[in-house]
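# Descriptive analysis of the structure
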Amino acid sequence: MNTILIKGAAILGGDPADILVRDGVIAEIGDLAGTAAELTVDAAGLVALPGLVDLHTHLREPGREDAETVETGTQAAARGGYTAVHAMANTSPVADTAGVVEQVWRLGQEYGHCDVQPVGAVTSGLEGRRLAELGAMADSAARVRVFSDDGKCVSDAVLMRRALEYVKAFDGVVAQHAQEPRLTEGAQLNEGEVSGRLGLNGWPAVAEEAIIARDCLLAAHVGSRLHVCHVSTAGSVEILRWAKSKGWDVTAEVTPHHLLLTDSCAESSPVGPYNPIYKVNPPLRTEEDVRALREALADGTIDCVATDHAPHPVEDKETEWGVAAMGMIGLETALQVVQEAMVDTGLLDWAGVADRMSARPARIGRLAGHGLPIEAGAPANITLYDPSPRALVDPSAMASRSRNTPYEGMTLPGRVVATFLRGRPTVLEGKLV
């Protein structure tokens, strides 16, 4: 379709306006009554947002196609309003060479539901012993700019320093999974009253906070960019606030589940205690932590929302807590959870949502063509969202190959009605195109 007319959309929640898309680009915005187009979309009552960008998605391909594929994961992303995702490196084989990242990038191009930007591993095989081929991945067709051993921490301070120094050459960023390994050996749930009552090994907040403090200092020392993955504690927020007050180039993300859920879910789920659907890394924390994370996202201390979409097959989650895999899916519910936790509570308006879920993650990932304002001349990456309905979350209706959502049976607000990738509809009427 060369021309699409979106009628009556509230851009960033503002006054209704028409949006004319021509040849993948926003051609005109205003009162466009009488304008002809090949497709006209009635967007009355819908909020128009720039296409969402996720800095932290596990697509599992290559190696774990039983959990997710690039095709199913990007379908889930489009259903959630995303036009671009960053695919994490902990695949099999690990995305630590130019060959693997190019394979993932080309799969994303082939399926076309959203753009796929591979994340390269920091260390070879995620083993934390020697640096991966950072320069080769940066120079590859995938043009990798984000590097992470996510799932594991780059715990060696010397290796972390070298990575931070190396990525400066091509304006890259190291995204750290902040987890001091010795402090979390055998850890199962946030260290606190709930873990004590359930008899599960505690996961102390300081294990995250110590790594964040160290890496902020290292990034400042070498003058490089640091991004902190899935921040989960109030203490981490204070460290980030301090680092930013120094003017250091440090950014951070928070997941939807850490904005809404607490460790009490492990004790009082609808099916009883020890429900491994709530087992995740980093663990769900306390109500105090949730409040601090929400406030930090609102005031900009935390830069963006990232899903940490972590699909697992049924057999890896529906088992006893101690051996269950860690992780939750989140692409298709992220915007709904952010509305529940941030918009409906008055902490963010829709312009703030666009900033935290599109503009900032695109800027951190150096992702060209995404995260731009909805204005004439910009690529037509647009999400149309209806904030008014509330509905039960049904895992069987999701596009992801896995079903490990922690929101099953919960009532969440909102619905993604349409997603456009450079003017091409990937979702219309809430359904994949």
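None of these values were measured; they are calculated from a predicted model.

### Quick look at the sheet that holds strand E10 (residues 173-176)
Two modes of strand pairing occur in sheets, parallel and antiparallel, and in both the strands are linked by backbone hydrogen bonds. With parallel pairing, the five strands of this open sheet are ordered in space as E9-E10-E13-E14-E15. The strands lining the two open edges of the sheet, one partner per strand, are strand E9 (146-147) and strand E15 (304-305). Relative to strand E14 (residues 250-254), strand E13 (residues 226-228) runs parallel, the two being bridged by three bridges. Residue pairing for E14: Leu-226 is matched across the bridge by Val-250. Here helix H6 (residues 206-222) sits on the sheet and contacts E10, E13 and E14; the angle it forms with E13, its principal contact strand, is near 165 degrees.

### Focus on the packing of helix H4 (residues 157-167) against H6
For the pair H4 and H6, the least separation of the axes is 10 Å and the interaxial angle reads 45 degrees. If you check the angle between H4 and H6, you find them oblique. When you trace H4 past H6, the crossing you get is right-handed. Contacts between H4 and H6 involve Ala-157, Met-160, Arg-161, Leu-164 and Glu-165 from the first element and Arg-214, Asp-215, Leu-218, Ala-219, His-221 and Val-222 from the second. Tallied by class, the residues present in the contact of H4 with H6 amount to six nonpolar, one polar and four charged.

### Let's talk about the UniProt feature "active site" (unreviewed entry) in the protein chain
Those places that UniProt annotates as "active site" (unreviewed entry) correspond, in this numbering, to Asp-308. Within the element layout of this structure, Asp-308 appears in the loop between E15 and helix H10 (314-317). Judged by its relative accessible area of 6%, Asp-308 is buried. Residues within four places of Asp-308 in sequence aside, it is in contact with His-56, His-58, Asp-150, His-230, Thr-255, His-257, Asn-281 and Met-328.

### Side note on the nonpolar core
With 76 residues, the main nonpolar core has Phe-147, Leu-335, Val-353 and Met-357 as its most contacted residues. Counting contributing residues per domain, this core is built from domain 1 (3-46 + 379-432) and domain 2 (51-364), each supplying no fewer than three. Among the nonpolar cores identified, the runner-up in size contains 21 residues, and Ile-6, Ile-11, Val-21 and Ala-43 belong to it.

### Examining the sheet that holds strand E6 (residues 52-57)
Read across the open sheet, the three strands follow the order E6-E7-E8; overall the sheet is parallel. Each edge of the open sheet carries a strand with a single partner, namely E6 and strand E8 (115-118). On average, each strand axis in the sheet is inclined to that of its neighbour by 20 degrees, with strand direction left out of account. Sheet topology note: the strand E7 (residues 82-87)/E8 ladder contains four bridges and is parallel. Each residue of the ladder has a partner; that of Ala-84, found in E8, is Asp-115.

### Examining the UniProt feature "binding site: Zn(2+) 1" (unreviewed entry) in the protein chain
The sites that carry the UniProt feature "binding site: Zn(2+) 1" (unreviewed entry) are, in the present numbering, His-56, His-58, Asp-150 and Asp-308. The largest pairwise C-alpha distance within this set of annotated residues, which runs over 253 residues, is 9.7 Å, so the set is compact in three dimensions. One can find His-56 in strand E6. Side-chain polar atoms of His-56 contact the side chain of Asp-150, separated by 2.8 Å.

### A closer look at the domain arrangement of the protein chain
Each assigned domain of the protein chain is listed here: domain 1 (3-46 + 379-432) and domain 2 (51-364). The gap between the C-alpha centroids of domain 1 and domain 2 is 26 Å. Taken residue by residue, the interface counts 34 residues in domain 1 and 46 residues in domain 2. With both sides pooled, the region where domain 1 packs onto domain 2 buries about 3,100 Å², and carbon together with sulfur makes up 58% of that total. Considering only the side of domain 1, the residues that lose the most area to domain 2 are Arg-401, Asn-404 and Tyr-407, jointly responsible for 21% of the buried surface there. Counting across the interface, domain 1 meets domain 2 through two salt bridges. On inspection of domain 1 and its partner domain 2, the count reaches 24 residue pairs in polar contact (both at pLDDT 80 or more). Top element by residues in the side of domain 1 that touches domain 2 is strand E17 (residues 411-421). It accounts for seven residues. In terms of residue class, the side of domain 1 that touches domain 2 is built from 18 nonpolar, eleven polar and five charged.

### Considering the side chain of Glu-253
Positionally, Glu-253 belongs in strand E14. A polar contact of 3.1 Å, which involves the side chain of Glu-253, links it to the backbone nitrogen of His-230.

### A short note on the packing of aromatic side chains
A ring pair, where both rings are aromatic, is described by two values, the distance of the centres and the angle of the planes. Considering all chains together, one arrives at four aromatic pairs under this definition. Between Phe-147 and Phe-170, the ring centres sit 5.8 Å apart and the planes meet at 55 degrees, which makes this aromatic pair tilted. You can see Phe-147 sitting in strand E9 and its partner Phe-170 sitting in the loop between H4 and E10, a full 23 residues away along the chain. You can call Phe-147 buried: its relative accessible area is 0%. Members of the aromatic cluster, each reached through a chain of ring pairs, are Phe-147, Tyr-166 and Phe-170.

Conventions used here
Position labels on residues start from 1 in each chain and follow its written sequence. Local features are withheld for residues below a pLDDT of 70 in this predicted model, meaning they are given only at 70 or higher, and side-chain atom pairs are given and counted only at 80 or more; totals for whole chains, interfaces and linings count all residues. As a rule here, side-chain values come from all non-hydrogen atoms in the structure, and water together with hydrogens is ignored. Strand pairing follows a simple DSSP-based rule, namely that at least 2 bridges must link the two strands. Comment: elements are numbered from the N terminus, with helices defined as DSSP H or I runs of at least four residues and strands as E runs of at least two. Residues are treated as being in contact if the distance between any of their heavy atoms lies within 4.5 Å. To obtain each axis, a line is fitted to C-alpha atoms, and for helices this fit is confined to the stretch in contact; angles are then taken between N-to-C directions over 0 to 180 degrees. Oblique is the label for any angle not under 35 degrees, not over 145, and not in the 65 to 115 range, which are roughly parallel, roughly antiparallel and roughly perpendicular in turn. The crossing is said to be left-handed when, going from far helix to near helix, the turn is anticlockwise and less than a right angle, and right-handed when the turn is clockwise. Polar here means any residue other than Ala, Val, Leu, Ile, Met, Phe, Trp, Tyr, Cys and Pro, which are nonpolar, and Asp, Glu, Lys and Arg, which are charged; Gly is therefore polar. UniProt positions are given in the numbering used here, feature names are shortened, and annotations may be inferred rather than shown by experiment. Exposure classes here rest on a 1.4 Å probe applied to the protein chains alone. A residue is buried below 20% of its type maximum, exposed above 50%, and partly exposed in between. Buried Ala, Val, Leu, Ile, Met, Phe, Trp, Tyr and Cys residues form a nonpolar core when they are joined through side-chain atoms within 4.5 Å. Domains are outlined according to an automatic or database domain assignment. For this analysis, a polar contact is any N or O atom pair within 3.5 Å, provided that within protein one partner can donate a hydrogen and the other can accept it, and provided that sequence-adjacent residues contribute only side-chain to side-chain pairs. Buried area, as used here, totals the accessible surface that two parts lose on assembly, with accessibility defined by a 1.4 Å probe and the loss added over both. Counted as salt bridges are all cases of a side-chain nitrogen of Lys or Arg within 4 Å of a carboxyl oxygen of Asp or Glu. Stacked, edge-to-face and tilted are the three classes for Phe, Tyr and Trp ring pairs, Trp counted by its six-membered ring, which pair at centre distances within 6.5 Å; planes under 30 degrees apart are stacked, over 60 edge-to-face, the rest tilted.

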